[in-house]
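# Working through the structure, step by step
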Amino acid sequence: MVDAVVVGSGPNGLAAALVLASAGLRVQVHEAAPTTGGGTRTEELTLPGFRHDVCSAVHPMALASPFFRAFDLAAHGVQLRQPEIPYAHPLDGGRAVLAWRDLDRTAEGLGPDGAAWRSLLGPLVRRWSQVVDTAMSDLRRLPRDPFAALLLGLRTLEQGTPAAAARFRGTEAAALLAGVAAHAIAPPRRLAPAGAGLLLATLGHAVGWPVPAGGSQAITDAMVTRLEQLGGRVVTGDRIDDLAQLPPARAVLLDVSPAGLLRIAGDRLPAGYARQLRSFRYGGAACKVDFALAGPVPWADPACARAGTLHLVGSAAEARTAEHAVVRGRHAQRPYVLAVQPGVVDPSRAPAGRQVLWTYAHVPNGSPRDVSDQIVAQVERFAPGFRDLILATHVVPAAQAGGHNPNYVGGDISGGAVTPWQLVMRPTARWDPYRTPLPGVYLCSASTPPGPAVHGMSGLHAAGRALRHRFGVRTDPLALLRAAR
């Protein structure tokens with residue numbers, strides 16, 4: 001007999017399990033895959049000795065989210081290594097725009113737009129923890145710092161509308177911000193991606209964009225180890241297709257997509273709620289390509305060799321064109337490519353002298369297409385000679401992404417389309433988005449607020465609800481985590 005069962009060992013499922021276990025409950029986690037982590041895993045995908053992150057690779061939220069600030073990854077042995085340059089945006093002509101940790105240094109490199117960059121992000125950087133607390137809330141309560149919420153809201157309104165054109169005079173700052181906003185797999189000048197881009201840019205200056213030594217699996221392993229120390233248990237290789245497969249428990253938390261909830265709960269769900277789940281929109285997708293390389297990427301601008309993350313798309317206008325194509329269900333001729341080179345701070349990822357390169361390109365949901373040629377072309381565009389370094393590749397088209405993580409419906413790695421409505425009202429229009437109509441059953445995936453990224457907050461919010469509703473525990477979940485450290 002257990003007190004609570006969690007289905008799915010992604011970061012949100014493990015976060016929920018840790019909160020529950022920190023409250024003294026007996027917790028069991030069921031994972032369909034043979035290894036834990038969901039999108040936070042590391043494997044030898046190409047050649048022996050080359051360790052690739054299966055999905056997530058760069059982790060500003062590992063330092064910034066309230067869950068991870070309370071959990072404290074460093075105290076559990078995770079080394080988050082900081083590239084000298086969090087992210088870079090190569091441009092044609094052999095030059096690149098650089099986002100340094102230092103806000104002023106970044107502004108100095110933006111010429112006439114430096115002051116505009118500083119005025120846009122400076123106030124957010126100075127109140128970064130309050131900004132993060134607002135963005136990572138359940139989006140159902142008044143913000144603890146209304147001023148921080150107002151700062152983020154007003155800047156999102158500016159950058160998510162045509163008013164954005166008035167901010168920058170040149171092309172470099174606009175490209176730098178567009179590259180960050182496009183992480184949302186949506187056109188940069190829309191409200192949701194603009195907000196996401198501002199948050200990520202703020203974190204680049206405030207806490208950096210670190211990569212875990214040894215790979216993203218280090219985050220998962222630290223969480224699993226701590227859960228087991230608290231008496232929890234993780235069962236791998238156990239696919240749950242029906243709630244009846246689970247052991248009796250007072251609370252069940254599901255780190256699954258709305259489609260997964262429909263599959264597991266079946267006809268137990270009320271018809272109206274099931275209809276809302278079926279109408280949930282999944283967004284643009286990613287074709288993931290990992291490279292084993294004979295050496296470092298030969299960037300035309302040598303400064304790019306010091307960056308952990310690179311946005312390969314060219315100008316802001318080109319980024320908008322590429323993302324609009326995906327929204328319309330088309331493949332962009334020159335897709336947006338996100339690239340990560342963890343080897344700049346973590347030599348353990350590949351044999352001596354070798355490198356790994358993590359990439360994905362944005363594609364329409366459900367795309368079966370292997371776009372590795374387009375990704376190679378985009379890298380080669382900014383790093384002539386890259387093609388000659390490729391030793392091996394591993395490709396996961398969007399249509400196959402659900403094979404290693406069922407939550408990636410059609411290759412949507414965001415848990416649902418990133419729109420203002422679906423960020424707040426995910427997965428359905430309910431005051432409590434985590435509590436399902438089934439007694440004791442909660443949803444805790446990225447398909448609930450605050451949405452995508454490795455932050456653990458969906459799990460924390462859902463676990464807090466379960467503690468109150470099912471066990472009468474009203475202690476702040478963050479306080480429980482801190483007390484259990």
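Procedures and definitions
Residues numbered from 1 in each chain as written. Predicted model: local features only at pLDDT ≥ 70, side-chain atom pairs only at ≥ 80, totals over all residues. Heavy atoms only, no water. Pairing = 2+ DSSP bridges. Helix = DSSP H or I, 4+ residues; strand = E, 2+ residues; numbered from the N terminus. Axes fitted to C-alpha atoms, helices over the stretch in contact; angles between N-to-C directions. Core = buried A, V, L, I, M, F, W, Y, C linked by side-chain atoms within 4.5 Å. Buried < 20%, exposed > 50% of the residue type's maximum accessible area, 1.4 Å probe, protein only. Contact = heavy atoms within 4.5 Å. Parallel < 35°, antiparallel > 145°, perpendicular 65-115°, else oblique. Nonpolar A, V, L, I, M, F, W, Y, C, P; charged D, E, K, R; others polar. 1 Å grid on protein atoms, 1.4 Å probe; cavity = no way out; pocket = protein on both sides within 12 Å on 5 of 7 lines; lining within 4 Å. Points joined across faces, edges and corners; volume = space filled by probe spheres on them. Patch = residues over 30% accessible without salt bridge, like charges linked within 9 Å, V, L, I, M, F, W, Y side chains within 5 Å. Areas by Shrake-Rupley, 256 points an atom, 1.4 Å probe, with all protein chains shown as cover. Salt bridge = Lys/Arg side-chain N within 4 Å of Asp/Glu carboxyl O. Expected span 1.5 Å × (residues − 1).

## Section: the sheet that holds strand β2 (residues 27–30)
Taken together, five strands build an open sheet; the order of strands is β9-β2-β1-β10-β16 and the sheet is parallel. Of all strands in the sheet, those bounded by a partner on one side alone are β9 (233–235) and β16 (441–443). Neighbouring strand axes in the sheet, compared pairwise and without regard to direction, differ in orientation by 20° on average. Alignment of strand β10 (residues 251–254) against β16, held across three bridges, turns out to be parallel. Note on β16: the bridge partner recorded for Leu 254 is Leu 443.

## With respect to the nonpolar core
In terms of nonpolar packing, the biggest core is built from 94 residues, with Phe 67, Leu 73, Trp 117, Leu 121, Met 223 and Leu 253 touching the most fellow members. No other element matches helix α1 (residues 11–22), which puts eight residues into this core. Non-local contacts of Phe 67, meaning those with residues more than four positions away in its chain, are made with Ala 15, Leu 18, Met 223, His 455, Gly 456, Met 457, Leu 460, Leu 478 and Leu 481. Ranked by size, the runner-up nonpolar core spans 31 residues in total, among them Ala 88, Val 289, Leu 357 and Val 371.

## Side note on the packing of helix α8 (residues 172–181) against helix α9 (residues 191–206)
Contact geometry for α8 and α9: axes closest at 7 Å, N-to-C directions at 105°. For the element pair α8 / α9, the angle class is roughly perpendicular. Contacts between α8 and α9 involve Leu 177, Val 180 and Ala 181 on the former and, on the latter, Pro 193, Gly 197, Leu 198, Leu 200 and Ala 201. Taken together, the residues of the contact of α8 with α9 break down into seven nonpolar, one polar and no charged.

## A look at the layout of surface pockets
To find the voids left in a structure, one rolls a probe of water-molecule size over its atoms. Of the voids in this model, the second largest pocket is the one considered here, and its volume is about 400 Å³. Along the walls of the second largest pocket sit 21 residues, with Arg 141, Arg 144, Leu 460, His 461 and Asp 476 positioned nearest its centre. Here the element with the most residues in the lining of the second largest pocket is helix α16 (residues 457–471); it accounts for six residues.

## Observations concerning the environment of Gly 231
Looking at the secondary structure, you find Gly 231 in the loop between α10 (217–229) and β9. Assessed through its relative accessible area of 53%, Gly 231 is described here as exposed. Residues Gly 231 and Gln 28 lie 203 residues apart in sequence; the distance between their C-alpha atoms is 9.1 Å.

## Overview of a nonpolar patch on the surface
Taken together, the side chains of Phe 147, Leu 150, Leu 154, Leu 157 and Leu 191 present a nonpolar region at the surface, about 460 Å² in accessible area. Considering every element that reaches the nonpolar patch, the biggest residue donor is helix α7 (residues 146–159), with four residues. Its place among the elements puts Leu 157 in helix α7. Leu 157 gets classed as partly exposed once you look at its relative accessible area, which sits at 46%.

## A closer look at α10
Here α10 contains 13 residues, and its C-alpha end-to-end distance of 18 Å stays within 8% of the 18 Å for a straight helix at 1.5 Å per residue. Once α10 ends, the next one or two residues include Gly 231, with phi positive near 100°.

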